[in-house]
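# Working through the structure, step by step
Chain residues, written in single-letter form:
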2 protein chains.
Amino acid sequence: MPYTSDYPIFAVTVDIVVLSLVGNELCALLVKRGGPPYEGRWALPGGFVGPTEGLLAAARRELLEETGVSTGTVALEQLRSYGEPGRDPRGRVVSVAHLAVLPEATTPTAGSDAAGAEWRPLAQLEETGLAFDHAEILADGVERARSKLEYTTLATAFVGAEFTLSELRRVYELMWGRELDPGNFQRKVKHTEDFVEPTGETRPSPVGRGRPAAVFRAQSPEIRILARPITRD
Amino acid sequence: MPYTSDYPIFAVTVDIVVLSLVGNELCALLVKRGGPPYEGRWALPGGFVGPTEGLLAAARRELLEETGVSTGTVALEQLRSYGEPGRDPRGRVVSVAHLAVLPEATTPTAGSDAAGAEWRPLAQLEETGLAFDHAEILADGVERARSKLEYTTLATAFVGAEFTLSELRRVYELMWGRELDPGNFQRKVKHTEDFVEPTGETRPSPVGRGRPAAVFRAQSPEIRILARPITRD
DNA sequence: GCAAAAGTGTTCCAGGTACACCCATGC
DNA sequence: GCATGGGTGTACCTGGAACACTTTTGC
């Protein structure tokens, strides 16, 4: 009985929807629960917020512990909070969910308290496969990411520091499940201010054939609002 | 010492950014704090979430207690959560902020624990006038509302059940601080599906002169996504 | 040369903007 | 009639969609 309070007691956790495109599939970073409740089930990485720790700081710490990712440069933002009574059998727990987007290269390092962390393709998740209300949180995170591709530079968070416009287009195509016209995409992105800038380098096509592609980098490491959106429709 | 826990203890509150257009000014519903901390300062309505109460339910209850508004029909949604350590001198408090929008007609009824609730014009608020971090929360709420006017039917929440298109246009103009072309606004709104529908009535101009305006109602009481946005620029 | 990916040019069209103009009312 | 706000018509322009076409590579 280490903690006492005059107010109704809540525990506060952070859960993180970590998304990446692995191979040609949208994947979430999930951990297999090593103990009850929901032992053996997949869950979002996350954990309790420390008594003197900020919410975003807690999310950064959990992300670091689960993935080993240097979190300074990572796209990480608050998603929303989930606090229905009964969502956690251990007691009244409010979870402040966050959304993170990582480039494909990132390999999860087995975490501290997690039995194992893995990229799991969203297409293969069963409806009831996730612990707690994490399926709902994950769905909300994916929708937020799909939506932010439209009006922010979030797509650059899915690719490495240097990328071709085909790689960037692939992000949109996989996330939206829809093909985009390569020519129009190229022009649109290049003419949108504060989005990408050319490095001057070129890179041969991964399939061998075809003209080498110009290499770009994000104009800014932070995610910014685009002057004109990349429309989804 | 009525409450104990095995996990770090947090208290969870809801705070509500309640916006309305009163006269020709954007106002927030604020309460004057009747006790410490921040005694005598203006604050957002809100309070502790009950042990078995959902977050949205808590926000609804607080809104009802402060304003007497029947909350079934009100535009109310979660905004985001604020949980920096030190934001509340009483201890570690995470606040799940909500955003509500009310029509001008709404009069606040003096609340239970609030010394007094009043519509306060945002333009006249001093930077440091609000308790806690409520100035930041309020600013985030206003920005969310301004943004949601673009791509949802939120504007209808600022006016009564029946309204003219001039009244609706006034919502955009006041919130965005910019005049819109009356003719183009009219056509745009009428041709946007699932936004407004005519009642068949007309209403004389409030200033006496001029052609009477057709009366409309929201196509749906819920706030919906617009097929094509009302652009802000 | 041929296939394929990168990148450019061009045409067409929907929708927004600006603004002229007509309509319906009070005085 | 005149002022005023409601509402429609219209000409112009911008930006996106579709797609033809050129460029640069590997084989």
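The preceding data block contains the structure.
In this report, the structure presented in the accompanying data block is examined. (Residues numbered from 1 in each chain as written. Chains lettered and ligands numbered in written order. Predicted model: local features only at pLDDT ≥ 70, side-chain atom pairs only at ≥ 80, totals over all residues. Heavy atoms only, no water.)

### Describing the overall build of chain A
Across its full length, chain A holds 5 helices and 11 strands. The C-alpha atoms of chain A give a radius of gyration of 19 Å, which matches the 17 Å a tight globule of 233 residues would have. For the C-alpha atoms alone, the extent of chain A along its principal axes is close to 65 × 30 × 30 Å. Burial status across chain A gives 48% buried among its 233 residues. Counting only contacts in chain A whose residues sit at least 6 apart along the sequence, the fraction spanning at least 24 positions is 67%. Counting every atom, chain A has about 11300 Å² of accessible surface; 49% of that belongs to carbon and sulfur. The averaged location of the 32 negative side-chain charges in chain A is 5 Å from the averaged location of its 26 positive side-chain charges. (Helix = DSSP H or I, 4+ residues; strand = E, 2+ residues; numbered from the N terminus. Rg over C-alpha atoms; globule rule 2.2 N^0.38 Å. Buried < 20%, exposed > 50% of the residue type's maximum accessible area, 1.4 Å probe, protein only. Contact = heavy atoms within 4.5 Å. Areas by Shrake-Rupley, 256 points an atom, 1.4 Å probe, with all protein chains shown as cover. Lys, Arg positive; Asp, Glu negative; His and termini not counted. Charge placed at Lys NZ, Arg CZ, Asp CG, Glu CD.)

### Things to note about the protein's contact with DNA strand C
Residues in close proximity to DNA strand C total 24 residues, the closest being Ser166, Arg187 and Ala214 of chain A together with Asn184 and Gly208 of chain B. Counting only the atoms of DNA strand C that lie within 4 Å of the protein, the sugar and phosphate share comes to 61%. Within the side chain of arginine 187 of chain B, an N or O atom sits 3.4 Å from a base nitrogen of DNA strand C. Here a sugar or linking oxygen of DNA strand C and a backbone polar atom of glycine 208 of chain B are 3.2 Å apart. With 4 residues, the single largest contributor to the surface near DNA strand C is helix H5 (residues 182-191) of chain A. For the surface near DNA strand C, the residue count by class is 5 nonpolar, 9 polar and 10 charged. (Near = heavy atom within 4 Å. Polar contact = N/O pair within 3.5 Å; in protein donor to acceptor, adjacent residues only side chain to side chain. Nonpolar A, V, L, I, M, F, W, Y, C, P; charged D, E, K, R; others polar.)

### Topic: the interface of chain A and chain B
Across the boundary between the two partners, chain A contributes 31 residues, which contact 31 residues of chain B. Here chain A and chain B share an interface that buries about 2800 Å² over both sides, 65% of which is from carbon and sulfur atoms. Taken together, chain A and chain B are joined by 0 salt bridges. Our count for the chain A to chain B interface comes out at 10 residue pairs in polar contact (both at pLDDT 80 or more). When contributions to the side of chain A that touches chain B are tallied by element, the ones reaching two or more residues are strand E1 (3-5), strand E2 (11-22), strand E6 (75-82) and strand E7 (93-101) of chain A. Sorting elements by how many residues they give to the side of chain A that touches chain B places E6 of chain A first, with 4 residues. (Buried area = accessible area lost by both parts, 1.4 Å probe. Salt bridge = Lys/Arg side-chain N within 4 Å of Asp/Glu carboxyl O.)

### A word on the pattern of salt bridges
All names here are of chain A. Within this structure, the stated rule accounts for 29 salt bridges over all chains. For arginine 90, the salt bridge is made with aspartate 88, and the minimal N-O distance between the two is 2.7 Å. Classification of aspartate 88 by relative accessible area gives buried; the value is 5%. Residues joined by salt bridges that share partners form a network here, namely Glu53, Arg61, Glu62 and Glu65.

### Quick look at the environment of proline 229 of chain A
Residue and element names in this part refer to chain A. If you trace the backbone, proline 229 turns up in the segment after strand E11 (213-218). With 80 residues separating them along the chain, proline 229 and leucine 149 place their C-alpha atoms 8.5 Å apart. In contact with proline 229, other than residues within four places in its own chain, are Glu150, Tyr151 and Lys188.

### So, the sheet that holds strand E11 (residues 213-218) of chain B
Residues and elements named next belong to chain B. Spatially, E9-E11-E10 is the arrangement adopted by the 3 strands of the open sheet, whose pairing is antiparallel. Looking at strand neighbours, the two that pair on one side only are strand E9 (162-164) and strand E10 (196-203), the edges of this open sheet. The average undirected angle you get between the axes of adjacent strands in this sheet is 40°. Bridge analysis of E10 against E11 gives 5 bridges, and the strand direction is antiparallel. Bridge pairing in E11 links threonine 202 to alanine 214. This element, helix H4 (residues 165-176), spans E9, E10 and E11 of the sheet and lies at about 80° to E9. (Pairing = 2+ DSSP bridges. Axes fitted to C-alpha atoms, helices over the stretch in contact; angles between N-to-C directions.)

### Considering the protein's contact with DNA strand D
Lining the immediate surroundings of DNA strand D are 25 residues, of which Asn184 of chain A together with Ser166, Arg187, Arg211 and Ala214 of chain B lie closest. At the protein interface, 62% of the atoms of DNA strand D within 4 Å belong to sugar or phosphate. Glutamine 186 of chain B is positioned such that a nitrogen or oxygen atom in its side chain is 3.1 Å from a sugar or linking oxygen of DNA strand D. At 2.9 Å, a side-chain N or O of lysine 190 of chain B approaches a phosphate oxygen of DNA strand D. At the level of secondary structure, the elements contributing two or more residues to the surface near DNA strand D comprise H5 of chain A together with H4, helix H5 (182-191) and E11 of chain B. With 4 residues, the single largest contributor to the surface near DNA strand D is H5 of chain B. Its residues assigned to classes, the surface near DNA strand D comprises 5 nonpolar, 9 polar and 11 charged.

### Some words on the sheet that holds strand E9 (residues 162-164) of chain A
Residues and elements named next belong to chain A. A sheet is described by the order of its strands in space; here 3 strands give the open sequence E9-E11-E10, paired in antiparallel fashion. Each having just a single partner strand, E9 and strand E10 (196-203) make up the two edges of the open sheet. Across the sheet, the mean angle separating the axes of adjacent strands is 40° when strand polarity is ignored.

### Let's talk about helix H1 (residues 55-67) of chain A
Residues and elements named next belong to chain A. The terminal C-alpha atoms of H1, which comprises 13 residues, lie 18 Å apart, in line with the 18 Å expected from a rise of 1.5 Å per residue. Looking only at H1, the buried set comprises Leu55, Ala58, Ala59, Glu62, Leu63, Glu66 and Thr67. Looking straight down H1, one finds that the buried residues subtend no more than 135° of arc, so they occupy a single side. (Expected span 1.5 Å × (residues − 1). Arc of directions from axis to C-beta.)

### Digging into the relation of the copies chain A and chain B
After a rotation of 180° and a shift along the axis of 0.0 Å, chain A superposes on chain B with an RMSD of 0.0 Å. Taken together, the rotation angle and the small translation identify this as a two-fold axis. The overlap is high: 100% of the interface residues of chain A also sit at the interface in chain B, so the same surface is used on both sides. (Least-squares fit on C-alpha atoms with pLDDT ≥ 70 in both.)

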